[in-house]
Amino acid sequence: MADHLSSLIRAVDTADSSPRLLEAVQNLAAAHLEGAIPTLIGALSYNNPGAAVAAVDGLIQLGEPAVPALVELLDLHNYTARAWAIRALAGIGDPRGLVTLLGVATADFAMSVRRAAARGLGTMKWHWFPDHLLEIAQGEALDALLFVAQQDEEWVVRYSSVVGLEALANAISAANPEWRSQIQAQFEHMASHDSSGAVRARVWMAQQHLQSETVIQSGIEQLPSPLSATDWQMILEKLYERKGEERLVLAAGDPRLYRDLAGSIAQQLNGAQ
Amino acid sequence: MDNESDIRSDSSLTVDQAIANLQGEDLGLRVYAAWWLGRFRVDAPEAVDILMAALEDEDDRTHAGGYPLRRNAARALGKLGDYRAVPALMRALECSDFYVREAAAQSLEMLADGSCIARLRELLNNQIPGTLPAREPPQLTQPFDAILEALGTLGAVDAIADILPFLEHEVPRIQYAAARCMYQLTPNPQVANQYGDRLVHALANDDLQLRRAVLADLGAIGYLPAAEAIAQTPAENSLKLISLKGVLEKQLLHTTPPHLSDGALKVMVLMDDLL
């Protein structure tokens, strides 16, 4: 197996033309080996879109083990690699990508990044979130997705926000029925007012699904979250930071609540491990 | 959602300024103003008037004899939706500059006025004197793909005999344009699907540029049996999504909202996976 992996990696390293590189990255991605992660991550920076697409697909398939390296890539000043990393994180749905997705869904200048982020915000692995963090995170995702659905000028990004909102509506806990109503009201508006026929059609499909309670399952495994207490602590701090930045006056709740919550969740999780 | 008014107000030019620039001395500003009026769809009658006049421009020439201002004016006029431009664009089909003729054919397609069909057929058959070939290889004598696409959109069934030979043209891009056109012009669905299937086979081409062109063709005709193949084609997801959008929106023509056909539902499931 190790030999197999190293020969696949060598093929990527020694590829001397764009089609060969593409083929080598596709083969490496198809092997589903965690040892391939650094090389697949490297392929995001080659400035070869075909190879990057194949690498993103491979990283999404590998899922959670690829997340730390992807998050690291976000901090580098390589815009293209960062955009591909965001697409991979959106596809994986790992909570460690949440705050990045919240930021780029509404603001990135590349529509392919906004598109991937909008879907990813809905299809996040919500079942991994601890209860109290879940509510804050879903509230932020809802705000971002409603903004995209109302404001983005690209049909494909609005289409993606509909997919995200549908997934979010299914994940929203019973404790927040008003959030589900907000999504339904947004759908009702878009169903007749969105300028794109494709977007309107996707809204009709989402409405039918919500009405008949059809949940599109993407084969999500119901395994427990692999995230550490520190991971959750960081996500919460970043969410808190984001909320502080975007609103001087919070619509509901005292900001100190979240700070206290961060502490109590960390304690709970530390105690549990 | 129409955001173009916002873009207009953000932009450095204003409508009045663009119209003034197009009539000014500076050739660079003129060619930019012609593009700008099309980009922001400034359909004021005055803008259309000066763009039509720009189709006769003799000041702006390249070393090789091309007419950059005429090219931009011809492209812009297609986007403005003013049928007064049709006769001027038909005259532009006689221009010596290949790219002016190409832009004029594309704009005539967008304006969807059948009065130009006879002239397009003459151009397709290379019967208009004084038209020079493209300078880049393969140095086509005429912008055949643009002409074929226009004839298909305009429903030029009388032109079928002229179109059929292009299914075997040496340039693949032109074969595909002919297949797309024949799909649109063939009333019998079974026969039409043979042309659609040709395009589906063409998605297997090794050349990415050609695969991209075929994705656009399949989206333009909204060929439902191509949906799976479109989703599987090695190309950018954004282009596959645009192609599938064409297929989806064609499906919507056959149902009353919010009812969705099985085909539409299937296409959306494919699109969701490409986001």
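Definitions and cut-offs
- Residues numbered from 1 in each chain as written.
- Chains lettered and ligands numbered in written order.
- Predicted model: local features only at pLDDT ≥ 70, side-chain atom pairs only at ≥ 80, totals over all residues.
- Heavy atoms only, no water.
- Helix = DSSP H or I, 4+ residues; strand = E, 2+ residues; numbered from the N terminus.
- Rg over C-alpha atoms; globule rule 2.2 N^0.38 Å.
- Buried < 20%, exposed > 50% of the residue type's maximum accessible area, 1.4 Å probe, protein only.
- Contact = heavy atoms within 4.5 Å.
- Salt bridge = Lys/Arg side-chain N within 4 Å of Asp/Glu carboxyl O.
- Core = buried A, V, L, I, M, F, W, Y, C linked by side-chain atoms within 4.5 Å.
- Expected span 1.5 Å × (residues − 1).
- Polar contact = N/O pair within 3.5 Å; in protein donor to acceptor, adjacent residues only side chain to side chain.

Q: What exactly am I supposed to notice about the overall build of chain B here?
A: Secondary structure assignment for chain B yields 16 helices and zero strands. A compact globule built from 275 residues would reach a C-alpha radius of gyration of about 19 Å, and chain B, at 20 Å, matches this within 12%. If one aligns the C-alpha atoms of chain B with their principal axes, the spans along those axes are about 55 × 45 × 35 Å. By residue count, 52% of the 275 residues in chain B fall in the buried class. Intrachain contacts of chain B at a sequence separation of at least 6 include 62% that bridge at least 24 residues.

Q: When you look at the pattern of salt bridges in this model, what are you seeing that I'm missing?
A: It is possible for side chains bearing opposite charge to pair when their charged atoms get close. All names here are of chain B. This model, assessed by the stated rule, comprises 29 salt bridges over all chains. Residue E109 pairs with R180 through a salt bridge whose shortest N-O separation is 3.9 Å. A residue pair is termed long-range when its members are at least 10 positions apart, and E109 in helix α7 (residues 98–111) and R180 in helix α11 (residues 172–185) qualify at 71 residues. Per residue, the accessibility class of E109 equals that of R180, and both read buried. Each of E109, D145, E149, R173, R180 and D217 takes part in a single network of salt bridges with overlapping partners.

Q: Would you mind going over the nonpolar core with me for this structure?
A: A general feature of soluble globular proteins is that nonpolar side chains tend to end up buried together. L70 of chain A together with L151 and I163 of chain B are the most contacted members of the largest nonpolar core, which has 190 residues in total. Among the elements that take part in this core, helix α9 (residues 131–151) of chain A stands out by supplying eleven residues, more than any other. The contacts of L151 of chain B, once residues within four sequence positions are left out, are I117, L120, R121, L124, A156, A159, I163, C181 and L185 of chain B.

Q: Sorry if this is basic, but what is going on with helix α6 (residues 79–92) of chain A here?
A: Taking 1.5 Å as the rise per residue, α6 of chain A with 14 residues should run 20 Å; its terminal C-alpha atoms sit 20 Å apart, in good agreement. Counted residue by residue, α6 of chain A has ten buried out of 14 residues, so it is predominantly covered. Every buried residue belonging to α6 of chain A is among A81, A83, W84, A85, I86, R87, A88, L89, A90 and I92 of chain A, and all of these are buried. Elements in contact with the buried residues of α6 of chain A: α4 (49–62), α5 (67–74), α7 (98–107) and α8 (111–122) of chain A together with α15 (237–252) of chain B. Put simply, N78 of chain A is the residue that caps the front of α6 of chain A, since its side-chain oxygen is 3.2 Å from the backbone nitrogen of T80 of chain A.

Q: Help me understand the environment of V214 of chain B in this model?
A: Residue and element names in this part refer to chain B. Following the sequence through the fold, V214 ends up in helix α13 (residues 208–221). Assessed through its relative accessible area of 0%, V214 is described here as buried. For the pair V214 and R180, spaced 34 residues apart in the sequence, the C-alpha separation amounts to 9.1 Å. When neighbours within four sequence positions are excluded, V214 is seen to be in contact with Y176, L199, A202 and L203.

Keep in mind these values describe shape, not function.
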